[in-house]
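Each chain, letter by letter, is given below.
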Amino acid sequence: MAAPDDTIHQPVRLRIMAALTALRPEDEGLDFARLKSLTGATDGNLGAHIDQLAKAGYVEVSKAFVAKRPRTTVRASTAGRAAFARHVTFLREILASS
Amino acid sequence: MTITPDEAGAMLADVDAIIAKVKLSRMYRRIGEITMLWGAIMLLEHLVGMAAPRWWPGIGEAGDALGVAATLLLLVRGRSDREVRIPLRLLGAFALFFAFGFLWSDLGRFGPRELSVFWPSLFLFGYALAGLWLGVAFTAFGVVFSGLLLAGYFWAGQAFDLWIALVSGGGFVLFGLWMRRA
C-alpha cells in the first residue's frame, strides 16, 4: 500500500497540488489569484501553505512584475507531481479496501 | 495517520473537482484566444473595408483565410495537451459553420448589409449553442451580441458599418479577453 504524504494531506495543500498537477509540466503554472479562487483560501492562509509546499520541494514559486504589479506564479515540481500521485494512490487504495 | 474511506472519498472528490475546474479554465483560455483572434480580424476587415471600399471583398477573403490559418495553428498547438482535447471536434464545427455560411450567403442572395450581419450572427449562434455545455456566459454573449447586430441592421443608418465593426469585432475581442481571465 502507498504511504500518505503528511505535507500534501492538509486539505488546502491537497487542492493546491491538484490544481498545479492538472497543468502540463511545461506550463508556466498558476498565479496566486487563480490559486486563491480555486482553493477558496485567504491570502495569508494560501501564502503559508505555498511556503510549506515550497519548503518540501513540491512547488516552485516565481515572482515578477507584470504591468507594474507584482505577480506570484506557482508550479508543481517533478518531486511534487510524484508525491501528489503517490498520495492520490494512497487515497484510492483506502477507498478500494473499504 | 488514520483516514477513513469516507474521508478518502471526500478528498478524491475534492481533487477531481479542482482538476475539472483547471481543465475548464484552460479550455476557456484556448477558446478565448481564438475568439479574440476572430474579433481582431473582423474589426480590421471592417475598418479597412470602410476606409477602402473598393478593396472589398478581397480584404474579407484574405482576412478569413488568415483567420482560418491562425485558428489551425492555435488548435495544433493545443494538440500537444494531454488533457484538453478541443481540436478535431472544434475544427469540424468550424468547417460546418463555414460550409453552412457559404451555402446560404450564396443561395440567400444577400446584399452587403445583410452579409455583414449574417456572418457574425452565424458564429454568435454557435456560441449560444456552445453555452448549453460550456456555461451560460457563452449563450448570453451569443444572444446579446446577435441582438446588438440586429439593432444596428435596423436602426444604425449611416453608422451601420462602424456599428458592425465595433459590435462584432469589439464584442469578440472583449468576450475573448473575459474568457482568458475566467
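All values reported here derive from a predicted model rather than from experimental measurement.

Peer 1: I keep staring at the pairing of strand β3 (residues 69–76) of chain A and nothing clicks. Help me out?
Peer 2: For a regular strand, side-chain orientation follows a simple rule: the groups alternate between the two sheet faces. Residue and element names in this part refer to chain A. Bridge count for strand β1 (residues 30–31) against β3 is two bridges, and the pairing is antiparallel. Directly across from Leu30, in β3, lies its bridge partner Val74. Of the strand pairs in this sheet, strand β2 (residues 59–66) and β3 are connected by eight bridges, and their pairing is antiparallel. Across the sheet, the residue bridging to Ala64 is Arg71, located in β3. Taking the residues between adjacent antiparallel strands as the criterion, β2 and β3 are bridged by two residues, where Ala67 takes a positive phi near 50 degrees.

Peer 1: Would you take a moment to explain the confidence of the model for chain B for this structure?
Peer 2: Any segment with low pLDDT has predicted coordinates that should not be analysed in fine detail. Here chain B averages 87 in pLDDT, and 93% of its residues register 70 or above. Per the prediction output, this complex has pTM 0.75; the corresponding ipTM is 0.89.

Peer 1: Quick question: what am I supposed to make of unusual backbone geometry here?
Peer 2: With the exception of glycine, most residues fall at negative phi, and the peptide bonds are largely trans. Backbone geometry places Arg109 of chain B, a non-glycine residue, at a positive phi of 50 degrees. Note on placement: Arg109 of chain B falls in the loop between α3 (87–107) and α4 (112–134).

Peer 1: Would you mind going over the interface of chain A and chain B with me for this structure?
Peer 2: Often the size quoted for an interface is simply the accessible area lost on bringing the parts together. Contact residues are listed per partner, giving 17 residues for chain A and 17 residues for chain B. If you tally residues by element for the side of chain A that touches chain B, the top one is helix α5 (residues 78–96) of chain A, at five residues. A breakdown of the residues in the side of chain A that touches chain B according to their chemical character gives 11 nonpolar, two polar and four charged.

Parameters and conventions
Residues numbered from 1 in each chain as written. Chains lettered and ligands numbered in written order. Predicted model: local features only at pLDDT ≥ 70, side-chain atom pairs only at ≥ 80, totals over all residues. Pairing = 2+ DSSP bridges. Helix = DSSP H or I, 4+ residues; strand = E, 2+ residues; numbered from the N terminus. pLDDT = per-residue confidence, 0-100. Contact = placed C-beta atoms within 7 Å. Nonpolar A, V, L, I, M, F, W, Y, C, P; charged D, E, K, R; others polar.

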